[in-house]
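Reading the structure
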Amino acid sequence: AVGRAAGARARRSVRVRVAETGADGAVGTAEPAAAAVAEGASVEELEPLSMAVRAAEIAEKVSQFRLHENDSGSPEAQIAKLSVKITMLTEHAKRNPKDHSSTRGLLKMVATRKRLLNYLRIEDPDRFQTLVSGLNLRLSKDMSYAAKSVQLEE
């Protein structure tokens, strides 16, 4: 019993992470990521800083499609945000094929985006077409046929 407890303590001590300090001595600062994004570094250079890259890319896409300055909840803004996340998670899934939990999250995001697109297609077909062309989304046959039939009805 003593050996088993000693082994557990040893494994626990290996898991302890060492905190990195920034230039100002603070633990875990985000300064390098923000500076690199501001300088316009490429995605390959920023792979370790991908969270900052994702946040900047999401903000850029949402600002393109928002309806007013403080808009974050319109279907266009939500679809734009989900599209960026889906693109990044798709790349992650290709690199990590055994990461099933991320793949599940990806599928949930795709389903949410599809529901939002269906809502927007029914409510305002013009906004729907503008968004789809702006984000370069490929539509399924069902959705593209339904979009044409909604336009014909008007």
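Rules of the game
- Position numbers for residues count from 1 along each chain, tracking the sequence in the order it is written.
- A pLDDT threshold of at least 70 governs which residues receive local features in this predicted model, and a stricter bar of 80 or more applies before side-chain atom pairs are shown or counted, although totals over entire chains, interfaces and linings include all residues.
- Computation of side-chain values: all heavy atoms of the structure, hydrogens and water removed.
- Only DSSP runs of H or I covering at least 4 residues are called helices, and only runs of E covering at least 2 are called strands; the numbering of each starts at the N terminus.
- Exposed residues in this analysis have more than 50% of their type's maximum accessible area, buried residues have under 20%, and partly exposed residues fall in between, with area computed by a 1.4 Å probe over protein chains only.
- In short, Shrake-Rupley with a 1.4 Å probe defines the accessible areas, and a residue's cover is counted only from the protein chains shown.
- By convention in these notes, a salt bridge is any Lys or Arg side-chain nitrogen within 4 Å of a carboxyl oxygen on Asp or Glu.
- In this analysis, axes come from line fits to C-alpha atoms, helices being fitted only over the stretch in contact, and the angle between any two N-to-C directions falls in the range 0 to 180 degrees.
- Relative orientations are named as follows: roughly parallel for angles under 35 degrees, roughly antiparallel for angles over 145 degrees, roughly perpendicular for angles from 65 to 115 degrees, and oblique for any other angle.
- A clockwise turn of the near helix away from the far one marks a right-handed crossing, whereas an anticlockwise turn of less than a right angle marks a left-handed crossing.
- Note on contacts: a residue pair qualifies if any of its non-hydrogen atoms lie within 4.5 Å across the two residues.
- In these notes, a set of buried Ala, Val, Leu, Ile, Met, Phe, Trp, Tyr and Cys residues joined through side-chain atoms within 4.5 Å is what counts as a nonpolar core.

Digging into the overall build of the protein
Looking only at helices and strands, the protein features seven helices and zero strands. Secondary structure elements in the protein, listed N-terminal to C-terminal, are α-α-α-α-α-α-α. Expressed as a percentage of the 154 residues in the protein, the buried residues total 24%. Accessible surface for the protein amounts to roughly 11300 Å². Of this, 54% is attributable to carbon and sulfur atoms.

Description of the pattern of salt bridges
Inspection of the entire model under this criterion finds two salt bridges. Put simply, Glu-76 and Arg-127 hold a salt bridge, and the shortest N to O gap is 2.4 Å. In this pair, Glu-76 sits in helix H4 (residues 75-95) while Arg-127 sits in helix H6 (residues 125-135), placing the two residues 51 residues apart along the sequence. With a relative accessible area of 5%, Glu-76 lands in the buried category. Put simply, Asp-124 and Arg-127 hold a salt bridge, and the shortest N to O gap is 3.9 Å. Note on Asp-124: relative accessible area 22%, which makes it partly exposed. A single salt-bridge network, built from bridges that share partners, covers Glu-76, Asp-124 and Arg-127.

Describing the packing of H4 against H6
A packed helix pair is summarised by two numbers, namely the angle formed by the two axes and the spacing between the axes. Packing of H4 against H6 brings their axes to within 11 Å, and their N-to-C directions diverge by 20°. Classified by the angle their axes make, H4 and H6 are roughly parallel. For H4 against H6, the interelement crossing comes out right-handed. Contacts between H4 and H6 involve Pro-75, Glu-76, Ile-79, Ala-80 and Ser-83 from the first element and Arg-127, Leu-131 and Leu-135 from the second.

Focus on the nonpolar core
By size, the foremost hydrophobic cluster in this structure holds 17 residues, and its most contacted members are Ile-79, Leu-117, Phe-128, Leu-131 and Leu-135. Sorting the residues of this core by element identifies H4, helix H5 (100-123) and H6 as the ones contributing at least two each. Excluding its chain neighbours within four sequence positions, the residues that come into contact with Leu-131 are Phe-65, Glu-76, Ile-79, Leu-117 and Leu-120.

Here's the deal with the environment of Val-62
If you trace the backbone, Val-62 turns up in helix H3 (residues 50-65). Assessed through its relative accessible area of 12%, Val-62 is described here as buried. Between the alpha carbons of Val-62 and Ser-74 there is a distance of 9.9 Å; along the sequence they are 12 residues apart. Setting aside its immediate chain neighbours within four residues, Val-62 contacts Asp-71, Ala-77, Ala-80 and Lys-81.

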